[in-house]
Amino acid sequence: MTNFETDDDFARLATSVLDASLPHGEWTHEAHFALALWMLRHRPEGASPQDFRRIIMRLNDAHGTPNTDNSGYHHTITIASIEAARSCLSRHDGNEPLAHVLKSLVDGPCGRSGWILAYWSRDRLFSVAARRDWVEPDLQTLSFGD
């Protein structure tokens, strides 16, 4: 069951992330994907990897979560998650409610928090290099069945 039932729910989430007012407890695995889907559909010009880096780091700062080499923002996970959201969005009609798209995404493999470890070994994924910048997967090519 998703906490995002209407497009207004997605817009409220996006607004509260963009202005860094989202409560820490609401910044969930599902909320990360909901933000990515909303940004990709409604603000594609602001959905670059660097935009997401800035947005998430600012929210982490507001939550008191340090953005360091072992805490906070993680670039490789962020980019992989954006690509998962982009792939899912591309398989749906552009007018389909985002709640349906999100449900499709979280009901699949990406709905499990450890989904990314099918592509990256733990050591590679949690390296300083992967936290700072994009690091290619070492277990299998990143693919979402497009």
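The following refers to the structure shown. Here, residues in each chain are numbered from 1, in the same order as that chain's written sequence. Per-residue local features of the predicted model are confined to residues with pLDDT of at least 70, and side-chain atom pairs are confined, for both listing and counting, to 80 or more; whole-chain, interface and lining totals are unaffected and use all residues. Hydrogens are left out, water is left out, and the side-chain values use all remaining heavy atoms of the structure.

### Thoughts on the overall build of the protein chain
Secondary structure summary: the protein chain contains seven helices and zero strands in total. Runs of E in the DSSP output that reach at least two residues are strands. Runs of H or I that reach at least four are helices, and both are numbered from the N terminus. Ordered by position in the sequence, the α and β elements of the protein chain form the string α-α-α-α-α-α-α. In summary, the protein chain has a C-alpha radius of gyration of 15 Å against a globular reference of 15 Å for 146 residues, a match within 12%. Overall, the protein chain is about 40 × 35 × 30 Å in size when its C-alpha atoms are taken along their principal axes. Partly exposed residues are those whose accessible area sits between 20% and 50% of the maximum for their type, while under 20% is buried and over 50% is exposed, using a 1.4 Å probe and protein chains only. Residues classed as buried in the protein chain amount to 45% of the 146 residues present. Summarising the internal contacts of the protein chain: among those between residues at least 6 apart in sequence, 62% fall at separations of at least 24. The protein chains shown are the only cover counted for residues, whose accessible areas, like all others here, come from Shrake-Rupley with a 1.4 Å probe. In the structure as shown, the protein chain presents an accessible area of about 7700 Å², 51% of it carried by carbon and sulfur atoms. By the counting scheme adopted, Arg and Lys are positive, Glu and Asp are negative, and His together with the chain ends is not counted. Lysine's charge is taken at NZ, arginine's at CZ, aspartate's at CG and glutamate's at CD. A distance of 4 Å separates the average location of the 14 positive side-chain charges in the protein chain from that of its 20 negative side-chain charges. The reference for a compact globule is 2.2 Å times residues^0.38; the radius of gyration itself is calculated from the C-alpha atoms. Throughout, a residue-residue contact means that at least one pair of heavy atoms, one from each residue, lies within 4.5 Å.

### Observations concerning the packing of helix 2 (residues 29–42) against helix 4 (residues 75–90)
A fitted line through C-alpha atoms serves as each axis, taken over the contacting stretch for helices, and the angle formed by two N-to-C directions is quoted from 0 to 180°. Between helix 2 and helix 4, whose axes approach to 9 Å, the crossing angle comes to 60 degrees. Between helix 2 and helix 4, the interaxial angle falls into the category oblique. Two packed elements cross with a definite hand, and for helix 2 against helix 4 that hand is right-handed. From helix 2, F33, A36, L37, L40 and R41 reach across to helix 4, where they touch S81, I82, A84, A85, R86 and L89. Under this grouping Gly is polar, as are all residues other than the nonpolar Ala, Val, Leu, Ile, Met, Phe, Trp, Tyr, Cys and Pro and the charged Asp, Glu, Lys and Arg. For the contact of helix 2 with helix 4, a count of residues per class yields eight nonpolar, one polar and two charged. Roughly parallel means an angle under 35 degrees; roughly antiparallel, over 145; roughly perpendicular, 65 to 115; everything else is oblique. Left-handed describes a crossing whose near helix is turned anticlockwise from the far helix through less than a right angle; right-handed describes the clockwise counterpart.

### Observations regarding the nonpolar core
Grouped together as the largest cluster of nonpolar side chains are 42 residues, with contacts concentrated most on L35 and W115. Of all the secondary structure elements, the ones that give two or more residues to this core are helix 1 (7–18), helix 2, helix 3 (49–63), helix 4 and helix 5 (98–107). Top contributing element to this core by residue count: helix 2, with nine residues. The residues contacting L35, other than those within four sequence positions of it, are L13, A14, V17, W27, F52 and I55. The nonpolar core is taken to be a set of buried Ala, Val, Leu, Ile, Met, Phe, Trp, Tyr and Cys residues, with the residues joined through side-chain atoms within 4.5 Å.

None of the figures reported here should be taken as evidence of function without further support.
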